[in-house]
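Each chain, letter by letter, is given below.
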Amino acid sequence: YGTERHPVFHHGKDLLTSLGACGLILSCMYSDALRRALHGVVPQYLGRVSFSLYLVHGTVLFALLDSLYGRVPMAVLGAVYAVLALASAHGFCVAVEEPAARLGRRLASTGAGKGTVLTVRGPDVASHLLQSAAAGGDEPFARCHGFERK
């Protein structure tokens, strides 16, 4: 390695970030006040939509930058981004992520997931699934029009 720095610990910044993250996790584990704060409504909701937010935030950001950058103040852009990213994440969570998780649990509990392949037939499947999810339907995806077991 000689005098080169290891790429994982670029100038020690990543090491400090890692140590800080470990300290934060330990603090949350052993502090009753932090534990209570993390059980609040807002942190629980953010935990619920976090994966969906991870999936949609880039698209929302790039779309806003492309359409509004330089036309509105950065504070306005940031506020619009926060609202649209959370709204998009909520919609994705409710319409896609949570129904897919229910399907996965259902398939795993029935043993249907073992050796079962689901194939999609036709473009109307996504529309049907979104309508079913919006209506609060619990119809398994495998029974939806356009899915067949092989």
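Residues numbered from 1 in each chain as written. Predicted model: local features only at pLDDT ≥ 70, side-chain atom pairs only at ≥ 80, totals over all residues. Heavy atoms only, no water.

## Some words on the packing of helix H3 (residues 41-68) against helix H4 (residues 74-110)
Move 1: For the pair H3 and H4, interaxial distance at closest approach is 6 Å and the crossing angle is 130°. The angle between H3 and H4 places the two elements in the oblique class. For the element pair H3 and H4, the recorded crossing hand is right-handed.
Move 2: Among the residues making up the contact of H3 with H4, the classes are represented as 22 nonpolar, 4 polar and 3 charged. (Axes fitted to C-alpha atoms, helices over the stretch in contact; angles between N-to-C directions. Helix = DSSP H or I, 4+ residues; strand = E, 2+ residues; numbered from the N terminus. Parallel < 35°, antiparallel > 145°, perpendicular 65-115°, else oblique. Left-handed = near helix turned anticlockwise from the far one by under 90°. Nonpolar A, V, L, I, M, F, W, Y, C, P; charged D, E, K, R; others polar.)

## A look at a nonpolar patch on the surface
Move 1: Judged by side-chain polarity, Ile25, Leu26, Met29 and Tyr30 come together as a nonpolar surface patch covering roughly 470 Å² of accessible area.
Move 2: On the secondary structure map, isoleucine 25 appears in helix H1 (residues 13-30).
Move 3: For isoleucine 25, a relative accessible area of 51% corresponds to the exposed category. (Patch = residues over 30% accessible without salt bridge, like charges linked within 9 Å, V, L, I, M, F, W, Y side chains within 5 Å. Areas by Shrake-Rupley, 256 points an atom, 1.4 Å probe, with all protein chains shown as cover. Salt bridge = Lys/Arg side-chain N within 4 Å of Asp/Glu carboxyl O. Buried < 20%, exposed > 50% of the residue type's maximum accessible area, 1.4 Å probe, protein only.)

## Remarks on the environment of serine 109
Move 1: Counting through the fold element by element, serine 109 comes out in helix H4.
Move 2: Taking relative accessible area as the criterion, serine 109 reaches 63% and is therefore assigned exposed.
Move 3: Of the polar contacts made by the side chain of serine 109, one reaches the backbone oxygen of arginine 106; its length is 3.0 Å. (Polar contact = N/O pair within 3.5 Å; in protein donor to acceptor, adjacent residues only side chain to side chain.)

## Digging into H4
Move 1: With 37 residues, H4 ought to run about 54 Å at 1.5 Å a step, and its terminal C-alpha atoms sit 51 Å apart, in line with that.
Move 2: Considering bend angle alone, the principal kink of H4 is centred on cysteine 93 and spans about 45°.
Move 3: Residues of H4 that are buried include every one of Leu77, Ala85, Ala89, Cys93, Pro99, Leu103 and Leu107, and no others.
Move 4: Looking one or two residues beyond H4, the residue adopting positive phi is glycine 111, at roughly 80°. (Expected span 1.5 Å × (residues − 1). Bend = angle between axes of the 7 residues up to and from the residue.)

## Description of the side chain of serine 52
Move 1: Within the secondary structure layout, serine 52 lies in helix H3.
Move 2: Under the relative-accessibility criterion, serine 52 is labelled buried at 0%.
Move 3: Here serine 52 is in contact with Ala89, Phe92, Cys93 and Glu97, once residues within four sequence places are set aside. (Contact = heavy atoms within 4.5 Å.)

Note that every value here comes from positions in space, so none of it alone points to a role or purpose.
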